[in-house]
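The chain contents come next:
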Protein chains: 4
Amino acid sequence: MKKIKFAVAGLGRIGKIHLENLLQINTIEVVAVMDPMKESRDYALEKKIPFITSTYKELLASTNFDAIVICSPTDTHADYVELAAKAGKHIFCEKPLDLSLKRVVEVLDVVKDTNVKLMLGFNRRFDKEFKKVQQLVKDGAVGDAHLVKITSRDPGAPPVSYIEKSGGLFLDMTIHDFDMARFVVGKEVEEVYAKGAVLIDPAIGEAGDIDTAIITLTYTDGTMAIIDNSREASYGYDQRIEVFGSKGMVKADNNTSDTHQLYNKDGVNSSLPLHFFLERYEQAYKAEVSDFIDGLVNGTILPVSGNDGLQSLKIGLAALKSVQENRPVNISEI
Amino acid sequence: MKKIKFAVAGLGRIGKIHLENLLQINTIEVVAVMDPMKESRDYALEKKIPFITSTYKELLASTNFDAIVICSPTDTHADYVELAAKAGKHIFCEKPLDLSLKRVVEVLDVVKDTNVKLMLGFNRRFDKEFKKVQQLVKDGAVGDAHLVKITSRDPGAPPVSYIEKSGGLFLDMTIHDFDMARFVVGKEVEEVYAKGAVLIDPAIGEAGDIDTAIITLTYTDGTMAIIDNSREASYGYDQRIEVFGSKGMVKADNNTSDTHQLYNKDGVNSSLPLHFFLERYEQAYKAEVSDFIDGLVNGTILPVSGNDGLQSLKIGLAALKSVQENRPVNISEI
Amino acid sequence: MKKIKFAVAGLGRIGKIHLENLLQINTIEVVAVMDPMKESRDYALEKKIPFITSTYKELLASTNFDAIVICSPTDTHADYVELAAKAGKHIFCEKPLDLSLKRVVEVLDVVKDTNVKLMLGFNRRFDKEFKKVQQLVKDGAVGDAHLVKITSRDPGAPPVSYIEKSGGLFLDMTIHDFDMARFVVGKEVEEVYAKGAVLIDPAIGEAGDIDTAIITLTYTDGTMAIIDNSREASYGYDQRIEVFGSKGMVKADNNTSDTHQLYNKDGVNSSLPLHFFLERYEQAYKAEVSDFIDGLVNGTILPVSGNDGLQSLKIGLAALKSVQENRPVNISEI
Amino acid sequence: MKKIKFAVAGLGRIGKIHLENLLQINTIEVVAVMDPMKESRDYALEKKIPFITSTYKELLASTNFDAIVICSPTDTHADYVELAAKAGKHIFCEKPLDLSLKRVVEVLDVVKDTNVKLMLGFNRRFDKEFKKVQQLVKDGAVGDAHLVKITSRDPGAPPVSYIEKSGGLFLDMTIHDFDMARFVVGKEVEEVYAKGAVLIDPAIGEAGDIDTAIITLTYTDGTMAIIDNSREASYGYDQRIEVFGSKGMVKADNNTSDTHQLYNKDGVNSSLPLHFFLERYEQAYKAEVSDFIDGLVNGTILPVSGNDGLQSLKIGLAALKSVQENRPVNISEI
């Protein structure tokens, strides 16, 4: 069988992870890589990637490939996706497509016209914990879903310089939870009420953002979800989910480095959650790229669509509006 | 030492529990009991209570006692407390004092004037799980509290006839959680946003109530709390709490009948939460009565004040208004 | 219905627990108590026991009762049981009947001849954890039992003065585990191999005892059990059980004061096992006395027989011989 | 830096795992592979291994490499190690070196003379669970070790044809636990008492083996260990460890595919242990090969020596003798 030819645009932290995972899959080959940083290109050189360039233009122009994985900075996503779509390449793009709703709609229209396949990198959908919960809910194990609870806390706030350009807590961090809220019960959100506070670092507030939040989502059928966020959980990366329904409840806990329990006179001590997303979602990153390739090979519908990105962005924008106006906001207002 | 003389008004389910617990405490004696039902008075007879009557008036008039435990129906609480206070009796009264804010304020004024001691039966404050969490928070184990999460789900909805007179989900059921939200971090609530739905039984909706709810509380210092409620958890009584703060997080889980784990080819099976409040809070009911007596004996401040009842009622009324108007409601509006 | 009349002989730590539990049961009344210590008799006085004496002889001679609970020192058990049986009293006796096999057989013969009912105080059979495991095994949840594992560790070694008169680790402490090994799978033990060591306190070795042990039991059908013992677990009282069989495995864990988990940068901390047997087996002590009374009232077979005591003693003596001779010992050798 | 050249002998189940792991390590290259089966050689071809052969002789003769990973059948290990050592190759060999003590000693003498490095594949030492326990014990977290408990149960018995040539339960399966017993507390075993039974399949008994066992180990300093084994745990691969000492106790539990808990009216259900060693020890296989390479690169002592294999074999042979003679056997007897 002919191998699918891949290109990777952007070799930062996530880009390198995707590249490593791609290199281990026998049904594809990575033929080209693009990154403006020399250090990243050297990294690609060591991996023996045939074509290495510093510009996206050259990547598209001078090599022949079937699919592209876009992991460049957020503000390049929309343009890169548009160009790749027009060049007839299938696209895996890190979330979000863009922070502007208008631009996202434009890009998705181009993708639709060009008939290429597009998948967004909502990696948590591929986490074995969340997938198990989603599968059980889908299989009816909890009956009709009534309540969804998502806890999502980062181990430490990013630098304020990052926060300033991030789009804010909801578009940068909670957007994953918005996607999870839709994914885990397969329902659409209709209304958002978000309450935010600056409890960790006043500098975050000065940068116009919040660091702690509680968000209530109401789905179109009356089901409700709660998300709680913090930029800084002293004990690590806290990622839990729970779905309560008419027939039962299912929840998934954090992953830990090991299961040890140490008993001594001071109590019982055990291991903390895995430190951050690279550790917690290591397996999920592999699975999402693998599922993208499966979709290309088998012509099946990709597991995360452009619309999934669009919906999460809408919820995020509604949350932002809700905090600003301290009132529930209907998605139709966005 | 002379034993404190106790009376008990109302020998329903909770009244019987309080009576049994009182009978096991050596420093007091139960000298009188009142209940309009013959079955309950027969029960008291078997327990060899010296004076048994069917009316509150007679109870107050014809016997000599120091303190009274009021477990009669909710709509008698305010009157009974008022009369007991005027008679100079110390009072332990089941929550709530009344569903009308105005009446509660009136009663508390009478109590204040008469100088008797009053304690409200927020039994969950005496649950070893919640007490442990509260103590750890107080001791600074989680640093500054940022988020409080309370899950509180009943194993089954009460009859609609009960619901109609209950004051609704917030005043009947969530009021315990409102008290817990205040108790566990020792802070006052300023704003409430509540979202409710009828997801279990349409008849509950027809009775003007909801059966499922998510409530966001904001404390005066910006700390936030989330409560999630359901009238019917198929797997039993679900009572959990979590406090997240600047230095850590503490949570307490449900209690189970045993710790067994059965491994077989179908998975690992373990025991459900204790069935309902009588089982889960059995120890708490003992502890609260014991603490009330300690307070009387030692002259210390009682652990649950009339104001605690007042504040929880205010939060409950704000939650009700919030659901009705679908907007956050400030406690000062109540 | 006429109440069964009870006497209690011996009001030490366990005697007081039994007395308290008896006083809460409505179908019986405690009419007499005997203890040589004035402090204990004062305690009984406060409990308003009608007849209080310092000698067993007087107890039997001068009062009229149906059943006796014997909680006096071990070396009085055999004589007291014999005398009570001859006086026609039903007997609940703390374990062991005696440390001498010959004497136990003699006493059981007397009991048999007199036709009174005898139950031994193997309290752990009434612990909700172990009972659940035993019930699941009995119900076939694990299929044919292959392996039994019992962990039984005390929080601290008793004084050497106690150890010297205790009969040694196996007859004093492990005898409970021997009974549990028989109880949990309903099988008889055929062979014992015990390995002991003095790892905690050399003084225990000088007193002729061991403080740490591993015992392998082989049942008549080839099923095997392992028991591990220590006189001193720094983290508290460690009481766990596991049964592995052809269809599954069931295990029960320690009980803790609460379920809290505290997450901070140092890890996750939770509560230790309940401190010692009075706390861990509080509920079991109630249940065993209640079951004894049920047996008397309903004429059913009592849940722990004299033979149960005999068999556990035999296993204990075999374990002792096994350690001394460092070889497996067949029960038939005892 | 020049890459270390590796050969792999034997591409069965484990051989393939080692090859895959080796191929992902940048500091080495796999230059040759040997397997008598065409299917395995085709597999190597697909992996683009430069030199592929069907005989060990040819492997050693015709290619130039620095280190060899031996995963061929057990009865070839001794010869292959001897030949590789004489050819000056560093050796990673799957356990056991041989089932004959005499032959193992011979081979280790050759290795010693030739000065090559030898590491045995006791993969469980590299499992994160067991490593954590060992590290905590080493760091003094439990004080002086008193008791070691190892549960090791397979999900299903291998075919009788395999069992017949396996060396029996102790040399085939328990040998890993013997190594773990030594590893986790860093002490040598002096005496073994093993009790075995055929409780799963009579055919295993007819083949001269047992399928269920309890083994008591006594270390030279009096510390004791218990191992329990079964060839067939209906619920999967059960691999747990516990170390109890003067200051505390540490234990590690099984790994599961996910942490989900499903609550419904039938109880709480969660996931079983990972199915078998390939899943449970996936990470450990990676780590052991990585540590072997680290040892070669840095000239440090390899983490598992030939002597480790020798000692575990001795314990295994003592266990076999103990079962046959039903008595404790001193290692010095072997």
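If you look chain A up in an unreviewed UniProt entry, it shows as Inositol 2-dehydrogenase from Flavivirga spongiicola. One UniProt comment on chain A, placed under Sequence similarities (unreviewed entry), says "Belongs to the Gfo/Idh/MocA family."

Visitor: Explain the interface of chain D and chain B to me, using residue names and the numbers behind them.
Guide: One frequent convention defines the size of an interface as the accessible area lost when the parts assemble. Across the contact, 13 residues belong to chain D and 13 residues belong to chain B. Across the chain D to chain B interface the summed buried area is about 1100 Å²; carbon plus sulfur atoms make up 53%. Sorting the residues of chain D by area buried against chain B places Tyr263, Val268 and Leu272 of chain D first, and these three jointly supply 40% of that buried surface. At the surface where chain D touches chain B, the tally comes to zero salt bridges. Applying the counting rule to chain D against chain B returns two residue pairs in polar contact (both at pLDDT 80 or more). Those elements that provide at least two residues to the side of chain D that touches chain B are β13 (261-264) and β14 (267-270) of chain D. Ranked by residues supplied to the side of chain D that touches chain B, first place goes to β14 of chain D with four residues. Where strand β14 (residues 267-270) of chain B and β14 of chain D come together, three bridges link them in antiparallel fashion.

Visitor: Tell me about the environment of Val8 of chain A, and name the residues and values.
Guide: All names here are of chain A. Within the secondary structure, Val8 is located in strand β1 (residues 4-9). Here Val8 falls in the buried class, since its relative accessible area comes to 0%. It is 7.5 Å that separates the C-alpha atoms of Val8 and Cys71, two residues lying 63 residues apart in sequence. In this structure Val8 touches Gly15, Leu19, Leu22, Val30, Ala32, Val33, Met34, Val69 and Cys71, once residues within four positions along its chain are discounted.

Visitor: Mind laying out the sheet that holds strand β4 (residues 67-70) of chain A, listing which residues take part and the relevant values?
Guide: Residues and elements named next belong to chain A. Strand order in the open sheet formed by six strands is β3-β2-β1-β4-β5-β6, and the pairing between neighbours is parallel. The open sheet terminates on both sides in strands that have one partner only, identified here as β3 (51-53) and β6 (118-120). Taken over all neighbouring pairs, the strand axes of this sheet differ in orientation by 20° on average, direction set aside. With three bridges connecting them, strand β2 (residues 28-34) and β3 associate as parallel partners. Counterpart to Val33 in the pairing with β3 is Ile52.

Visitor: Would you mind going over the interface of chain A and chain B in detail, with residue names and values included?
Guide: At the interface, 43 residues of chain A touch 43 residues of chain B. Summed over both sides, the interface of chain A with chain B buries roughly 3200 Å², with 63% coming from carbon and sulfur. If you look at where chain A meets chain B, you find eight salt bridges. Where Glu191 of chain A meets Lys195 of chain B, a salt bridge forms, and the shortest distance between an N and an O atom there is 2.5 Å.

Visitor: Before we move on, could you go through the side chain of Asp211 of chain C and cite the residues and values that matter?
Guide: All names here are of chain C. Along the chain, the position of Asp211 falls in the loop between α9 (202-206) and β9 (212-219). Of the polar contacts made by the side chain of Asp211, one reaches the backbone nitrogen of Leu199; its length is 2.7 Å. Those residues in contact with Asp211 that sit more than four places away from it in its chain are Ala197, Val198, Leu199, Ile200, Asp201, Ile204, Asn229, Ser230 and Arg231.

Visitor: Would you mind going over the relation of the copies chain D and chain B in detail, with residue names and values included?
Guide: A rotation about an axis combined with a shift along that same axis relates the two copies of the chain. Take chain D, turn it by 180°, move it 0.0 Å along the axis, and it overlays chain B with an RMSD of 0.0 Å. Here the transformation between the copies is reduced to the relation of a two-fold axis. For chain D, the residue whose C-alpha comes nearest the rotation axis is Asn269 of chain D, separated from it by 2.3 Å. When the interface residues of chain D are mapped onto chain B, 100% of them again fall at the interface, so both copies present the same face.

Visitor: Which residues make up the packing of aromatic side chains, and what values go with them?
Guide: A full pass over the atoms with the stated rule returns 42 aromatic pairs over all chains. Seen from their ring centres, Phe130 of chain C and Tyr281 of chain C are 6.3 Å apart, and the 45° between their planes marks the pair as tilted. Taken together, the positions of Phe130 of chain C in helix α6 (residues 128-138) and Tyr281 of chain C in the loop between α10 (277-280) and α11 (282-298) put the pair 151 residues apart, joining distant regions of the chain. Tyr281 of chain C shares its class with Phe130 of chain C; the two are buried. Ring centres 4.9 Å apart and planes at 80° place the aromatic pair Tyr237 of chain D and Phe276 of chain D in the edge-to-face group. Taken together, the positions of Tyr237 of chain D in the loop between β10 (224-230) and β11 (238-245) and Phe276 of chain D in the loop between β14 and α10 (277-280) put the pair 39 residues apart, joining distant regions of the chain. By way of ring pairs, the aromatic residues Phe130, Tyr237, Phe276, Phe277 and Tyr281 of chain A are connected into one cluster. Between the NZ or CZ atom of Lys89 of chain D and the centre of the ring of Phe65 of chain D, over which it lies, the distance is 4.2 Å.

Visitor: Can you break down helix α8 (residues 169-185) of chain A residue by residue, with the values?
Guide: Along an α-helix, a turn takes 3.6 residues, which lines up residues three or four apart on a common side. Residue and element names in this part refer to chain A. Over its 17 residues, α8 extends 23 Å from the first C-alpha to the last, a length consistent with the 24 Å expected when each residue adds 1.5 Å. The sharpest bend along α8 reaches about 55° and sits at Ile175. Buried residues dominate α8, accounting for 17 of its 17 residues.

Visitor: Which residues make up the domain arrangement of chain A, and what are the values?
Guide: All names here are of chain A. In terms of domains, chain A is made up of domain 1 (4-116) and domain 2 (128-285 + 311-333). Distance from the C-alpha centre of domain 1 to the C-alpha centre of domain 2: 28 Å. Contact with domain 1, which involves eleven residues of that partner, is made by 13 residues of domain 2. Counting each side, the surface lost to burial between domain 1 and domain 2 is near 990 Å², with a carbon and sulfur contribution of 76%. When the buried area of domain 1 at its contact with domain 2 is split by residue, Lys95, Leu99 and Leu101 rank highest and sum to 49% of it. For the interface between domain 1 and domain 2, the tally reads zero salt bridges. At the junction of domain 1 and domain 2, the tally comes to one residue pair in polar contact (both at pLDDT 80 or more). Considering every element that reaches the side of domain 1 that touches domain 2, the biggest residue donor is helix α1 (residues 13-23), with five residues. The residue inventory of the side of domain 1 that touches domain 2, partitioned by class, reads five nonpolar, three polar and three charged.

What counts and how
- Residues numbered from 1 in each chain as written.
- Chains lettered and ligands numbered in written order.
- Predicted model: local features only at pLDDT ≥ 70, side-chain atom pairs only at ≥ 80, totals over all residues.
- Heavy atoms only, no water.
- UniProt positions renumbered as here; feature names shortened; annotations may be inferred.
- Contact = heavy atoms within 4.5 Å.
- Buried area = accessible area lost by both parts, 1.4 Å probe.
- Salt bridge = Lys/Arg side-chain N within 4 Å of Asp/Glu carboxyl O.
- Polar contact = N/O pair within 3.5 Å; in protein donor to acceptor, adjacent residues only side chain to side chain.
- Helix = DSSP H or I, 4+ residues; strand = E, 2+ residues; numbered from the N terminus.
- Pairing = 2+ DSSP bridges.
- Buried < 20%, exposed > 50% of the residue type's maximum accessible area, 1.4 Å probe, protein only.
- Axes fitted to C-alpha atoms, helices over the stretch in contact; angles between N-to-C directions.
- Least-squares fit on C-alpha atoms with pLDDT ≥ 70 in both.
- Phe/Tyr/Trp six-rings, centres within 6.5 Å; stacked < 30°, edge-to-face > 60°.
- Lys NZ or Arg CZ within 6 Å of the ring centre and 35° of its normal.
- Expected span 1.5 Å × (residues − 1).
- Bend = angle between axes of the 7 residues up to and from the residue.
- Domains from an automatic or database assignment.
- Nonpolar A, V, L, I, M, F, W, Y, C, P; charged D, E, K, R; others polar.

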